[in-house]
Structures are given as structure tokens and as C-alpha cells.
Number of protein chains: 2
Amino acid sequence: MKRRQFLSVAATGLAAGALAKPAIAQSMPEVRWRLSSTFPKSLDTLYGASESLARYVSEATDGKFQIQPFAAGEIVGTFQAFDAVSNGTVEMIHGPGYYFLGKDPAFAVFSDMPFALNARQKNAWLYQAGGNDLVNQFLAKYNVHAIPGGNTGTQMGGWFRKEIRTVQDLQGLKFRVAGIAGQVMAKLGAVPQQIAGGEIYPALERGTIDAAEWVGPYDDEKLGFAKVAPFYYYPGFWEGGPAVHFYFTKAKWEELPKHYKAVLEDAAARAGMDMLAKYDARNPAALRRLIGAGAQLRPFSLEILEAAYKAANEIYDEISAKNADFKKMYDSLREFRNEEYLWFQVAEYGFDTFMIRTRSRG
Amino acid sequence: MKRRQFLSVAATGLAAGALAKPAIAQSMPEVRWRLSSTFPKSLDTLYGASESLARYVSEATDGKFQIQPFAAGEIVGTFQAFDAVSNGTVEMIHGPGYYFLGKDPAFAVFSDMPFALNARQKNAWLYQAGGNDLVNQFLAKYNVHAIPGGNTGTQMGGWFRKEIRTVQDLQGLKFRVAGIAGQVMAKLGAVPQQIAGGEIYPALERGTIDAAEWVGPYDDEKLGFAKVAPFYYYPGFWEGGPAVHFYFTKAKWEELPKHYKAVLEDAAARAGMDMLAKYDARNPAALRRLIGAGAQLRPFSLEILEAAYKAANEIYDEISAKNADFKKMYDSLREFRNEEYLWFQVAEYGFDTFMIRTRSRG
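Quantities reported herein were computed from a predicted structural model and do not represent experimental measurements. (Residues numbered from 1 in each chain as written. Chains lettered and ligands numbered in written order. Predicted model: local features only at pLDDT ≥ 70, side-chain atom pairs only at ≥ 80, totals over all residues. Heavy atoms only, no water.)

Caption draft 1: Focus on the sheet that holds strand β5 (residues 158-160) of chain B. Overall, mixed pairing links the 6 strands, which are arranged β7-β6-β8-β5-β9-β11 (chain B) in an open sheet. One side of each edge strand has no neighbouring strand; the edge strands of this open sheet are β7 (191-193) and β11 (296-299) of chain B. (Pairing = 2+ DSSP bridges. Helix = DSSP H or I, 4+ residues; strand = E, 2+ residues; numbered from the N terminus.)

Written as C-alpha cells, this is what we have:
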């Protein structure tokens, strides 16, 4: 609103309450929302994105738009969060799509699944190659709108009590791993286990399970797995670049003033960038400490990676044959991926390769 | 301002003009700034970050904070831009620090120089490891404040008329390359050339120069170098992750309302993320077209990379011995880099390696 307009409205002597929409209320209305994270506070980098977003939105609106973040379980649990935003119990949630895979495997495509995209490529697909438009076309049926809000970077492959070298070593292995990665592991002969974060350590210690994947060095360190399952495998090929989204009840999103939507989009981009930068800044020292505490780094063998790649493609074909939403997003992502690595293998990989080689030689 | 407060102010009958600072003006004052980009409009991804930032800021403030972007040369030229923001001729500029290397080599540390950080690591250093605080401590002496605003990703090493395999092949080579990379190349026996973008093609065609570096596939394609210097080398080891900043006249920055500063920080993060995502989305197809047009990809040999790495470290030691600002930032960046590659060589590199291998095998 221009100041001159404000003055003339004031000068008319009209009580603001008599106007359907006072100009001041249009410009900076007070809005209070609740944001339910799917993460516990102990995952401070993931949960922290909700705190960052809330702070950025408040700061950018001079305190007028207040978003209160809640940890998983404070209002709704992790896996109930999507229903809560879909039916308007909360205005917003934050989490990776694959937490809601039980509804539809299509949720995995835009978050992560085996052998997809690394973090930069995921951002490029979502923001600059129509990826997030496909996400919102898909989510419209749930009355949900989503904006990307972070990425962890490539995760680790998890903690194993014994070394695994071949597909044969995976037979009967009780592995705490979820979603499509769990299906891939099952095809390879392992037995996927569903266990909440807090129960992983005792299960590994007792040998109830043989292996468990969590996130990466910074988050894994807190749970102390190195003591009970010291073989720390990489890469987490099912999470090459896991994207996390902010999801909004669509009607709530749509009734926001246009500039509050813009503030949210800017703040989500910044909070998302923070998340990746925090992981990148904190993982190295955590990895160093983990190795000091007994973790033994092991790469997955080419035999295992190739068998998993084949199994993943079979699963994608099976799902695509009966699920048009999955197929539409997956076809877009796969075509994009094949082009991306044409380029990434040149300058980016060439630079990193020399830097890694130089570092390891001191 | 709470609506109740607004009503009570209006109800007093005080003319808003009689108040020293009308609440509305405090809340959403009209601000108009000029932003001089150091890039021409033809570099649409780099110049585009200024357009994006201006749009995001306008949208987030309901049109109240208007920033008008200008291309290099419209108000001031590329290399004069820093003086213009330092003395307040314009409120803002956008560009990589190394454009202002003539003032102080310290400008290279936070933008890019040979064998530094890749794009994600640069973001992590700037945002999460105190890097940008060091930048602003350094820039305070110029009355300038800066916020990160984009990265191109690893650039290419440039276009060469003949293949170069050894350091011997670099002797006397007239190479259009600037800054510290130029000093490294000079140590290796090449002759760095300073030529504006528009003059590179005819100089390569006539053989006045032997080689030239520019950006990467998407930008290089527009200048048609493949026809006259077909050997396209990688990686651009002097630009592993070039950061671009938005710079503000410090007094202008400080007099902004707090929430407009927040809007600018959010918008800069989003515009910066856009830039990297655009390059990542557009480079693959451009590379494909360049190869179709005759470009021949060549990696720099290990001999050349190692000689360049040694030369770069000698230069850094020389500068550090006499320049405390450079030393302070460089020491921070170098220590961070060595830790980063400890981690990046594990999960990230392991994932990319398998994906690249799988792609090249079809």
C-alpha cells in the first residue's frame, strides 16, 4: 500500500472495522500456523530446518507470520503427519516423501529411492526441470501443496555386525532398512526390519538384527552404533540425495496473501540450503570421531551394487506398470539423471577426483 | 502492528502525518535500490540471479522494496562495480570477488582460486563454518557488506587450439585466463592474456591466442569456441566452486528495517540456489550439443594438475607471508577443505562413482 493511500483512507474517518478488508490487514495480516516436523529434536539438523524456516518467516514479516514448529509426536507422529496436513489438523509439516510410501510408492520418487540423483541434481530436477510441478500435480489429490526444504546429501549404507562382501553374505541378513531399499534388499536375500530409531542399538547389541541404516556420520554418532556393529558401509545407494519437503494444507496455502507465499518460498530455500551446508560442515569431524571410536569404513562391493541396481530397476518397472503417478515422475527423473551424469562425470568429478587423490597423498 | 493497535491509532483522529514515524511506514516502507550486476545479460544464468533476487524481494514485500537490476556497463563496468558499491553510487552489486582481485588478492579466497572447494563445500564454509563472517570482517574496511548469492559449480578448463599433454606443451602458450590461475599458468610457462569476452573468438580464430577459458558448457556454447579451438579441457581447477556474492553499501544495508534485511538474506539464498540448479539443469544438453559441434573433451593430465597444484601452493605461501587478510581467510578455507574431502570421498564420491560407471556402461 502506498503511504498516500493509507493517509487518504485514514482521512475519510471510516472506522477500519467497517471495511471488509482493511488495507493494513491486507498488507501484513497476523497469521499463526503450526508446523509438525516428522523428525525428533535429536535429529537437530533435520528438525532444525523447521526451526530455521519459522525464524526466517517471522523475521521477514516483522513477526506478523508466526509458525510454531513441533517435533514428531508432539501433535502427530512421524507417519501420521501427512494425513494431518492433508486434513488440515496442522497447516504445515516437514519430512521426506518416503515416510508416506505406505500411501503410494510415488512418494519415494521425489524424496529418494535407490540409484536416483545426488543432492545437487535433485535440486536441479525439482526446481529447474519441472520435478516439483509433477510433485504438486500428484499431491493435489491429497489437498496438499509442497515446496522443497532440504537435503542431507548422500547418506551412509549403515552399520553391520559382520563384513559383507558378496550377495551370498546378504542371505538371511536382518537389516533395518525401509521402503524401496527394503524391497531391493529382500530381492537380494536379506530380511528387512522395521525398528524405530531408539530401539536400533539394543537390537544390534543383542544380535536381534544384523545391520541397520540411519543417516550419516553426524546423526549416526549420537546413537553409538560403532560399538556394536563396527562395519560402516557406503554409499547409501538408496539415498544418494534425499530431498525433504515442506507440505501445506492446500486451502491454507492458497488463502495466504501472495507475499506471504513468496516469503515462505524464500525461507524454505534458505532453510533447505542450511540443512545441506550443516551436514556438509559437520559430517567430516563426526566421521573422524567415529573412526576413532572403532568404526571401520567399508565400500559396498561392485557385485552387491550391481545386483541392487538390477533389482531396483525390476521393482521400478513393476511399479510403473500399474501406477501412472509413479511412472510419470520416475520417467522424468530417470531421463534427467542419465543426462546429469553425462555432465557431472566431466568437470565436477574431475575436480573432486584430483582433490581426493591429492588429500590422500598428504 | 497488531490490528487492535492500528484501530486505536486511527480512532485517536491523529493525522498520520503528525506522527514522527507512522506505524505503516515503519512496517512496510517503500525502498528503491539499484543493483549493478558485473555480468552482461548474455550470461543469463549469472545475470539472471540479479533479476531473480529483485523479483523475490519485491514479491516478499508486496512490491514495497523495489530493486532494479542493471547489466554490467549500464551504470558501471564490471571491474568498477566494487568501487561503486563501496562509495554508494549504487546500493548493491552482484559478482564474484575475484573480479576485484586488483585491490587485494584476498578477494579470491571467498570467490574462487585454484584447488579450493567445490560448490557444496563452498556453501558449507561460507554459511556454516564462519567463512562469510571472515568475508565481512575483511570487507568492512571498504564499507561493504556481502551475502553469498550463487555458484556456477566446477567450471571447464577452457578451449585449446592444440592438445596439451605435458607442462612442456604449455611453454609460451598464450592462454586467456585471469587472476591467480593466470599466475599459476605463468609459473608453468604459459603467457596469460587479458581479453574481454567478445574478443576471444576472433583472437582464437586468428591465432593471436592459443587457448581461452570462459565458464562451462551452457555459457561457452553461445560463443562458438568449438569451431576454432576444439580441445575442451577439464576440470577448471581454478574454479572448483566459484561463489558469487551480493554486496551492499554498508550504511545502506544497516539502515534497512530488520525485516527487509531478512527478506534480502532469504531471497539471496534462493537466487543463489537457483543459479546452481540452472547450471546443473542446462549444462548437460549444452555439452551434448558442443560435442555434436566438434568439441573434443580432454582431461588435464596428472602431470599438469600436480605442477599447477605445487605452483598454486607456492603462490599462496608468498601472498600469505605479506597479506594478513588473505592468510586469515585462506588458512580457514584450507583447513576446512582438508576435512571436507575426508568425508566427500566416502558416501558422495562412492555414489557418484557407481552412477557414472553404470551410465557409461549403458
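Caption draft 2: The relation of the copies chain A and chain B, seen in detail. Between the two copies, chain A and chain B, the superposition gives an RMSD of 0.0 Å; the rotation angle is 180° and the shift along the axis is 0.0 Å. A rotation of that kind, with that shift, is consistent with a two-fold axis. Identified as the residue of chain A closest to the rotation axis by C-alpha distance is D266 of chain A, at 2.6 Å. (Least-squares fit on C-alpha atoms with pLDDT ≥ 70 in both.)

Caption draft 3: Layout of the environment of M92 of chain B. Residues and elements named next belong to chain B. You can see M92 is positioned in strand β3 (residues 92-95). In this structure M92 comes out as buried when scored by relative accessible area, which is 0%. The spacing of M92 and R34 is 58 residues in sequence and 6.4 Å in space, taken between C-alpha atoms. (Buried < 20%, exposed > 50% of the residue type's maximum accessible area, 1.4 Å probe, protein only.)

Caption draft 4: Highlighting the sheet that holds β3 of chain B. All names here are of chain B. On the basis of which strands lie adjacent, the open sheet formed by 5 strands has the order β2-β1-β3-β10-β4 and mixed pairing. In this open sheet, the two strands that pair with only one neighbour each are β2 (65-70) and β4 (144-151). Each strand axis lies, on average, 25° off the axis of its neighbour in the sheet, ignoring direction. By the bridge criterion, 6 bridges tie strand β1 (residues 31-37) to β2 in an arrangement that is parallel. Across the sheet, W33 pairs through a bridge with I67, a residue of β2. Packed onto the sheet, helix α6 (residues 119-128) meets β4 and β10 (243-249) and runs at close to 155° relative to β4. This element, helix α12 (residues 258-292), spans β1, β2, β3, β4 and β10 of the sheet and lies at about 30° to β4. (Axes fitted to C-alpha atoms, helices over the stretch in contact; angles between N-to-C directions. Contact = heavy atoms within 4.5 Å.)

Caption draft 5: Structural view of the pairing of β10 of chain B. Residues and elements named next belong to chain B. The element β10 is extensively covered by neighbouring structure, given that 7 of its 7 residues are classed as buried. Burial along β10 is two-sided: A243, H245, Y247 and T249 and V244, F246 and F248, pointing in opposite directions, are all buried. Note that β4 and β10 share 6 bridges and pair antiparallel. Opposite P148, over in β10, you have H245 as the bridge partner.

Caption draft 6: Quick look at unusual backbone geometry. Residue and element names in this part refer to chain A. Along the chain, Y234 connects to P235 via a cis peptide bond; the corresponding omega equals -10°. Locating P235 in the fold gives a position in the loop between β9 (231-234) and β10 (243-249). Although it is not a glycine, D62 sits at a positive phi angle of roughly 55°. Position of D62 relative to the elements: it lies in the loop between α3 (44-60) and β2 (65-70). D62 sits in the partly exposed class, given a relative accessible area of 39%. The backbone of F115 shows a phi angle near 60°, a positive value even though the residue is not glycine. Relative to the elements of secondary structure, F115 occurs in the loop between α5 (106-111) and α6 (119-128). Since its relative accessible area comes to 2%, F115 is described here as buried.

Caption draft 7: Geometry of the interface of chain A and chain B. On the chain B side, the residues contacting the 88 residues of chain A number 88 residues. For the pair chain A and chain B, the summed buried area comes to about 8,400 Å², and 67% of that belongs to carbon and sulfur atoms. Taken together, the connections running from chain A to chain B amount to 10 salt bridges. Across the pair R270 of chain B and D266 of chain A runs a salt bridge whose closest N-O atoms are separated by 2.6 Å. Sort the elements by how many residues they give to the side of chain A that touches chain B and helix α12 (residues 258-292) of chain A lands first, with 21 residues. (Buried area = accessible area lost by both parts, 1.4 Å probe. Salt bridge = Lys/Arg side-chain N within 4 Å of Asp/Glu carboxyl O.)

Caption draft 8: Examining the confidence of the model for chain A more closely. Summing up the model confidence of chain A, the mean pLDDT is 93 and the portion of residues at 70 or higher is 93%. Across the interface, the model reports ipTM at 0.92; the global pTM reads 0.92. (pLDDT = per-residue confidence, 0-100.)

Caption draft 9: Here's a closer look at the pattern of salt bridges. Residues and elements named next belong to chain A. Applying the stated criterion across every chain yields a total of 50 salt bridges over all chains. When the shortest N-O distance is used, the salt bridge between E318 and K187 registers 3.2 Å. Separated by 131 residues along the polypeptide, E318 in helix α13 (residues 302-322) and K187 in helix α8 (residues 179-187) bring together distant segments of the chain. A residue is classified by how much of its surface remains accessible, and E318, at 42% relative accessible area, is partly exposed.

Caption draft 10: Inspection of the UniProt feature "binding site: substrate" (unreviewed entry) in chain A at higher detail. Under the UniProt annotation, "binding site: substrate" (unreviewed entry) lies at Q155, R176, E213 and E239 of chain A. By the secondary structure assignment, Q155 of chain A is in the loop between β4 (144-151) and β5 (158-160). Overall, Q155 of chain A belongs to the buried group, its relative accessible area being 5%. In this structure Q155 of chain A touches Y98, E213, W214, V215, P235, G236, E239 and P242 of chain A together with A347 of chain B, once residues within four positions along its chain are discounted. As for its position among the elements, R176 of chain A is in strand β6 (residues 174-176). According to the relative accessible area criterion, R176 of chain A is buried, its value standing at 15%. Once residues lying within four places of it in the same chain are set aside, the contact partners of R176 of chain A are Q193, I195, G197, I200, I209, A211, A212, E213 and W214 of chain A. (UniProt positions renumbered as here; feature names shortened; annotations may be inferred.)

Caption draft 11: How the structure looks around the UniProt feature "binding site: Na(+)" (unreviewed entry) in chain A. All names here are of chain A. Here the UniProt-annotated "binding site: Na(+)" (unreviewed entry) positions come out as W214. Structurally, the position occupied by W214 is in the loop between β8 (211-212) and α10 (217-223). Not counting residues within four places of it along the chain, the set of residues in contact with W214 comprises L43, Q155, R176, G197, I200, D219, D220, L223, F225 and E239.

Caption draft 12: Structural view of α3 of chain A. Residue and element names in this part refer to chain A. For α3, built from 17 residues, the straight-helix expectation of 24 Å at 1.5 Å per residue is met to within 8% by its first-to-last C-alpha distance of 23 Å. For α3, the buried fraction is high: 13 of the 17 residues fall into the buried class. Where α3 ends, the next residue or the one after it, D62, has phi of about 55°, a positive value. (Expected span 1.5 Å × (residues − 1).)

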